[in-house]
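The chain contents come next:
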Amino acid sequence: MHQSFKVNVNSTFDFDISEAESSALNSIETSEHHHHILQKNRSYDAEVTHADFGKKIFEVKVNNNIYNVNISNQLDVLIKDMGFEIGSSKIVSDIKAPMPGLILEISVKVGQEVKENDTLLILEAMKMENVLTSPRDGIIKSVSVGKGDAVDKNRLLIEFEA
């Protein structure tokens with residue numbers, strides 16, 4: 001499977017960049033954090049002036065212009081679509097179906113205490129089993145689906161107590 005990246009620049013411009021496009025970039029590291037780039041017969045000097053690898057946020061200086069760049073891969077996009085935020089302090093109150101599928105197994109019940117990363121349920125989609133895990137410690141308030149249920153994308157599956 002080919003990887004693709006969603007790139008947002010200055011919270012304004014969005015780009016989709018394929019792994020092939022990324023690999024084809026003519027870039028030479030001239031010193032630590034400094035690169036010389038050739039793109040469409042144009043020369044660019046680039047410097048990574050700040051990098052937060054955990055949040056995938058970078059500040060890049062290109063020909064003396066500063067750009068704030070956020071890079072996401074397919075997993076990051078799926079996580080965001082599920083309502084989770086990497087590195088966020090937001091409290092997740094419910095779990096919704098990230099895609100249409102079939103509930104194969106439910107591992108929790110109402111009132112159960114769960115820890116972060118405990119398995120909540122298994123959703124079969126596109127002939128693959130997707131294990132949905134708890135994004136946080138908490139207590140299950142409701143389970144809105146049953147084993148064998150077909151669900152649409154964004155259907156409420158599980159709610160946490162506040």
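Worth saying up front: this structure is predicted, and the values here are computed from it rather than measured.

**Student:** Before we move on, could you go through the overall build of the chain and cite the residues and values that matter?
**Tutor:** Summing up its helical and strand segments, the chain has two helices and 15 strands in all. Computed over its C-alpha atoms, the radius of gyration of the chain comes to 21 Å, more than 25% above the 15 Å expected for a compact globule of 162 residues. Counting only C-alpha atoms and orienting by the principal axes, one finds that the chain spans roughly 60 × 30 × 25 Å. Counting over 162 residues, the chain shows a buried share of 24%. For the chain, restricting intrachain contacts to residue pairs at least 6 apart in sequence, the fraction spanning at least 24 positions comes to 43%.

**Student:** Any details on the sheet that holds strand β9 (residues 101–106)? Residues and values, ideally.
**Tutor:** Overall, antiparallel pairing links the four strands, which are arranged β12-β11-β9-β14 in an open sheet. Of all strands in the sheet, those bounded by a partner on one side alone are β12 (128–133) and β14 (150–151). Examined bridge by bridge, strand β11 (residues 119–125) and β12 share six bridges and lie antiparallel to one another. The residue bridging Leu123 from the neighbouring strand is Asn130, located in β12.

**Student:** Can you lay out a nonpolar patch on the surface for me, pointing to particular residues and giving the numbers?
**Tutor:** Together, Phe13, Phe15 and Ile17 give the surface a local cluster of nonpolar side chains, amounting to about 290 Å² of exposed area. Examined against the element boundaries, Ile17 turns out to sit in strand β2 (residues 13–18). Residue classification places Ile17 among the partly exposed residues on the basis of a relative accessible area of 30%.

**Student:** Break down the environment of Glu105 for me, citing the residues and quoting the values.
**Tutor:** Relative to the helices and strands, Glu105 is located in strand β9. A residue is classified by how much of its surface remains accessible, and Glu105, at 39% relative accessible area, is partly exposed. Once the C-alpha coordinates of Glu105 and Gly148 are considered, the two residues, 43 residues apart in sequence, prove to be 7.9 Å apart. Not counting the four nearest positions on each side in its chain, Glu105 is found in contact with Leu121 and Ile122. In this structure the side chain of Glu105 is engaged in a polar contact, spanning 3.4 Å, whose partner is the side chain of Ser107.

**Student:** How would you explain the nonpolar core if you had to name every residue and give the values?
**Tutor:** Residues Ile95, Leu120, Leu157 and Ile158 are the most contacted members of the largest nonpolar core, which totals 18 residues. For this core, the elements supplying multiple residues, two or more each, are β11 and β15 (156–160). No other element matches the four residues that β11 contributes to this core. Of all hydrophobic cores here, the second largest spans seven residues; its members include Ala46, Phe58, Val60 and Val69.

**Student:** Pulling in residues and values, what's your account of the sheet that holds strand β13 (residues 138–143)?
**Tutor:** The strands making up a sheet are joined through hydrogen bonds of the backbone, oriented either antiparallel or parallel. Strand order in this open sheet of four strands is β8-β15-β13-β10, and the pairing throughout is antiparallel. In this open sheet, the two strands that pair with only one neighbour each are β8 (94–96) and β10 (113–114). The pairing of β10 with β13 spans two bridges and is classified as antiparallel. When the bridges of β13 are listed, Glu113 appears paired with Ile139.

Thresholds applied
Residues numbered from 1 in each chain as written. Predicted model: local features only at pLDDT ≥ 70, side-chain atom pairs only at ≥ 80, totals over all residues. Heavy atoms only, no water. Helix = DSSP H or I, 4+ residues; strand = E, 2+ residues; numbered from the N terminus. Rg over C-alpha atoms; globule rule 2.2 N^0.38 Å. Buried < 20%, exposed > 50% of the residue type's maximum accessible area, 1.4 Å probe, protein only. Contact = heavy atoms within 4.5 Å. Pairing = 2+ DSSP bridges. Patch = residues over 30% accessible without salt bridge, like charges linked within 9 Å, V, L, I, M, F, W, Y side chains within 5 Å. Areas by Shrake-Rupley, 256 points an atom, 1.4 Å probe, with all protein chains shown as cover. Salt bridge = Lys/Arg side-chain N within 4 Å of Asp/Glu carboxyl O. Polar contact = N/O pair within 3.5 Å; in protein donor to acceptor, adjacent residues only side chain to side chain. Core = buried A, V, L, I, M, F, W, Y, C linked by side-chain atoms within 4.5 Å.

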